[in-house]
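Below, each chain spelled out in residue letters.
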Amino acid sequence: MDHEFDPDAPARDRILDAAEGLFAEHGFDATPTSRIAERAGVPKGLVHYYFRRKPDLLEALVERLPHPVHGADVAVAGDVLAGLRALVAALDRALDASSVLSHLLWREADTHPVVRDALLRRSGELEDAVREVLATGGGAPERIRGAARLLAAAIGHRYALDRHGDDDRTDMEAELSFVAAGL
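Only a predicted model underlies this, so the values are computations on that prediction, with no experimental measurement involved.

Moving on to the environment of Thr136. In this fold, Thr136 is placed in the loop between helix H8 (113-135) and helix H9 (141-162). Look at Thr136 and you get partly exposed, because its relative accessible area is 36%. Remark: the alpha-carbon pair of Thr136 and Gly71, spanning 65 residues in sequence, is separated by 9.5 Å. Excluding residues that lie within four positions of it along the chain, Thr136 makes contacts with Ala75, Val76 and Val80. At 2.6 Å, the side chain of Thr136 and the backbone oxygen of Val133 are in polar contact.

Another aspect to go through is helix H1 (residues 11-26). Here H1 contains 16 residues, and its C-alpha end-to-end distance of 22 Å stays within 8% of the 22 Å for a straight helix at 1.5 Å per residue. Positioned one or two residues after H1, Gly27 has a phi angle of 95°, which is positive.

Take Val42: it is sitting in the loop between helix H2 (33-40) and helix H3 (44-50). With 27 residues separating them in the primary sequence, Val42 and Ile15 have C-alpha atoms 7.8 Å apart.

On to the UniProt feature "DNA-binding region" (unreviewed entry) in the chain, then. The UniProt feature table records "DNA-binding region" (unreviewed entry) at residues 32-51. Along residues 32-51 one finds 75% helix and 0% strand; the C-alpha atoms at either end are 13 Å apart.

Our next topic: the nonpolar core. Most often, soluble globular proteins have nonpolar side chains that are buried together. Ile15, Phe23, Ile36 and Leu57 are the most contacted members of the largest nonpolar core, which totals 27 residues. When contributions to this core are tallied by element, the ones reaching two or more residues are H1, H2, helix H4 (54-64), helix H7 (99-108) and H8. Considering each element in turn, this core owes the most residues, 7 residues, to H1. With residues near it in sequence (within four places) discarded, Ile36 still touches Ile15, Ala18, Ala19, Leu22, Phe23, Thr31, Val47 and Leu57. Of all hydrophobic cores here, the second largest spans 25 residues; its members include Leu84, Val130, Tyr159 and Val179.

Let us now look at the packing of H1 against H2. Two elements in contact, H1 and H2, have axes separated by 8 Å at closest approach and are oriented at 125°. Classified by the interaxial angle, the pair formed by H1 and H2 is oblique. The element H1 and its partner H2 pack so that their crossing is right-handed. Where H1 abuts H2, its residues Arg14, Ile15, Ala18, Ala19, Gly21, Leu22, Phe23 and Glu25 lie against Arg35, Ile36, Arg39 and Ala40.

The next subject is the packing of aromatic side chains. Applying the stated criterion across every chain yields a total of 3 aromatic pairs. Relative to Tyr50, the ring of Tyr49 has its centre 5.1 Å away and its plane inclined at 80°; by these criteria the two rings are edge-to-face. We classify Tyr50 as partly exposed; its relative accessible area is 34%. Between Tyr50 and Phe51 the ring centres are 6.4 Å apart and the planes differ by 50°, which places this aromatic pair in the tilted class. In this structure Phe51 comes out as buried when scored by relative accessible area, which is 3%.

Scoring rules and cut-offs
Residues numbered from 1 in each chain as written. Predicted model: local features only at pLDDT ≥ 70, side-chain atom pairs only at ≥ 80, totals over all residues. Heavy atoms only, no water. Helix = DSSP H or I, 4+ residues; strand = E, 2+ residues; numbered from the N terminus. Buried < 20%, exposed > 50% of the residue type's maximum accessible area, 1.4 Å probe, protein only. Contact = heavy atoms within 4.5 Å. Polar contact = N/O pair within 3.5 Å; in protein donor to acceptor, adjacent residues only side chain to side chain. Expected span 1.5 Å × (residues − 1). UniProt positions renumbered as here; feature names shortened; annotations may be inferred. Core = buried A, V, L, I, M, F, W, Y, C linked by side-chain atoms within 4.5 Å. Axes fitted to C-alpha atoms, helices over the stretch in contact; angles between N-to-C directions. Parallel < 35°, antiparallel > 145°, perpendicular 65-115°, else oblique. Left-handed = near helix turned anticlockwise from the far one by under 90°. Phe/Tyr/Trp six-rings, centres within 6.5 Å; stacked < 30°, edge-to-face > 60°.

This is the structure:
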């Protein structure tokens, strides 16, 4: 599946687009940089100019993942459940915008520490966002911290399963209601 590139797009972006597509199709280890250069329409040396080592491409792709929404941006004053629903909807939109990239990075996390570390940081950001929403309802900080950890794990699990191609993303209403009521 060859991608068409905007010839006016910066070479670095074309290289990343090509790497993302090829890594998703064939895997990181099975994709030579020469093939990335060919697909991006650039000389092979330009790939190495922007990315000294092939793992640097993975690192740059991690940075392309949308950052989790800040809980404060979606929180609904006085209604924790509505804030949690808004947070999950915002996360869904972000995931839909990068589903191929998300799938690729989850797959490569087992063998590439830079990807694993970045995904762990993203999990922490997700937990922080959930905690920000939960804190709007008041409650003991240790209960909020525990509930945020639990709900962030459930959301992360949902997205991890989503990468396996199931188009029916599970509804989180039961989990969201449970956590909101428990605070």
